[in-house]
Amino acid sequence: MPKVHPNAAAAAAADESPTAEASCGGRARAAEATALTVWRKSLLFNGNGFTVFDSKGNLAFRVDNYSSGSRDEIVLMDAAGKPLLTIRKKLVFMMQKLSLGDRWLVYDGEEAINPRFAVKKHKGLLHSTKALARVTAPCTSGSKSRLVYDVEGSYSRRCCVVYDDRRRQLAEIKKKESAQGVALGLDVFRLIVEPELDAAFAMAMVILLEQMFGSRGSLLGETCVFTRL
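Every value quoted in this text rests on a predicted model; they were computed, and no experiment measured them. (Residues numbered from 1 in each chain as written. Predicted model: local features only at pLDDT ≥ 70, side-chain atom pairs only at ≥ 80, totals over all residues. Heavy atoms only, no water.)

A. Looking closely at the overall build of the protein chain. Within the protein chain, the secondary structure is distributed over two helices and 13 strands. The buried share of the protein chain, taken over its 229 residues, is 44%. By sequence separation, contacts in the protein chain at least 24 residues apart represent 46% of the contacts at least 6 residues apart. (Helix = DSSP H or I, 4+ residues; strand = E, 2+ residues; numbered from the N terminus. Buried < 20%, exposed > 50% of the residue type's maximum accessible area, 1.4 Å probe, protein only. Contact = heavy atoms within 4.5 Å.)

B. Seen up close, helix α2 (residues 199–213). Taking 1.5 Å of rise per residue, 15 residues should cover 21 Å, and α2 covers 21 Å from first to last C-alpha, within 8% of that figure. When you tally the buried positions in α2, you get 14 out of 15 residues, the bulk of the element. (Expected span 1.5 Å × (residues − 1).)

C. Local environment of the nonpolar core. Judged by nonpolar contacts, the single largest core of 42 residues is most densely connected at F50, V119, Y149, L191 and M203. At twelve residues, the largest contribution of residues to this core is made by α2. Dropping the residues within four chain positions of it, Y149 is found in contact with F117, A133, R134, V135, V162, Y163, D164, L170, L197 and F201. (Core = buried A, V, L, I, M, F, W, Y, C linked by side-chain atoms within 4.5 Å.)

D. Inspection of the environment of L209 at higher detail. Mapped onto the elements of the fold, L209 is located in helix α2. The buried category is assigned to L209, whose relative accessible area is 1%. Taking the C-alpha atoms as reference, L209 lies 8.1 Å from A133; in sequence the two are 76 residues apart. Excluding its chain neighbours within four sequence positions, the residues that come into contact with L209 are L132, V151, Y155, C160, I173 and G214.

E. Summary view of the pattern of salt bridges. Summed over the entire model, instances satisfying the criterion amount to six salt bridges. For R116, the salt bridge goes to D108, with nearest N and O atoms at 3.0 Å. Among the residues examined, R116 registers a relative accessible area of 35% and is labelled partly exposed. The partly exposed category is assigned to D108, whose relative accessible area is 36%. Between R134 and D150 there is a salt bridge, with the nearest N and O atoms lying 3.1 Å from each other. (Salt bridge = Lys/Arg side-chain N within 4 Å of Asp/Glu carboxyl O.)

F. Main features of unusual backbone geometry. The phi angle at N114 is positive, at roughly 55°, despite the residue not being glycine. Examined against the element boundaries, N114 turns out to sit in the loop between β6 (101–108) and β7 (117–121). With phi around 65°, R167 is a residue other than glycine that occupies positive phi space. If you trace the backbone, R167 turns up in the loop between β10 (159–164) and β11 (169–175).

G. Examining the pairing of strand β9 (residues 146–154) more closely. With six bridges connecting them, strand β8 (residues 131–137) and β9 associate as antiparallel partners. Note on β9: the bridge partner recorded for A133 is V151. Relative to β10, β9 is paired through six bridges, and the arrangement is antiparallel. The residue of β10 that forms the bridge with Y149 is D164. Counting the residues between successive antiparallel strands, the hairpin from β9 to β10 contains four residues, one of them, R158, with a positive phi of roughly 55°. (Pairing = 2+ DSSP bridges.)

H. Fine view of the environment of K90. In this structure, K90 sits in strand β5 (residues 83–92). For K90, a relative accessible area of 41% corresponds to the partly exposed category. For K90 and V119, which are 29 residues apart along the polypeptide, the C-alpha to C-alpha distance reads 10.0 Å. With residues up to four places along the chain from it excluded, the contact list for K90 reads D102, R103 and L105.

I. Focus on the environment of E196. Following the sequence through the fold, E196 ends up in the loop between β12 (188–193) and α2. Along the backbone, E196 and A33 are 163 residues apart, and their C-alpha atoms lie at a distance of 9.2 Å.

J. Representation of the side chain of Q211 in the model. Inspection of the secondary structure assignment puts Q211 in helix α2. Judged by its relative accessible area of 11%, Q211 falls in the buried class. Reaching out from Q211, the side chain makes a polar contact with the backbone oxygen of I207 at a distance of 3.0 Å. (Polar contact = N/O pair within 3.5 Å; in protein donor to acceptor, adjacent residues only side chain to side chain.)

Nothing here speaks to function; it is all geometry.
Structure follows, in structure tokens:
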């Protein structure tokens, strides 16, 4: 099995030179974009989650969940254990059964009030669509929400793009190959983040897509906490 996390030489071969690169969204990737390798596996023994490496093979993010412990909280830690974002799942019940859906609220750090974003899974009931999720803000009581990001593509194929409200591509999920050209499968893929988007939030969107469309089911119950390495 090829190495999931690249060393410096392999990373250089994988990322090649800092030139534009084709994307799922149909446009070239900017040279200054951040390229991350996402491994859909926790570093903990008998745990579920994600492990994320930067282009030099250094650990960048991790999401851990003990299979025998509480599923209400998942923590992504930095070197100091500082939380970056907290995601809480909120069930939304409408009058009609077909309108039943889930919504996730994203908070700074470990805050429990004044969420920064609300993320809702797109429901394509009548026809096929590329739309996967919609991110709105602010979502505080009494405020009118506004569109911030749209997520489109296919998570099951690891080909997704995050657009802002001006249809600018800010992040992308795409398949990854080793330096030898060996496909790494669906458990290992790339996350490309443009400078205008926080990489922690981009990683939060990856985890939310896993909750919505992943084949292994949800990693969290009510609360998911993110911190950065």
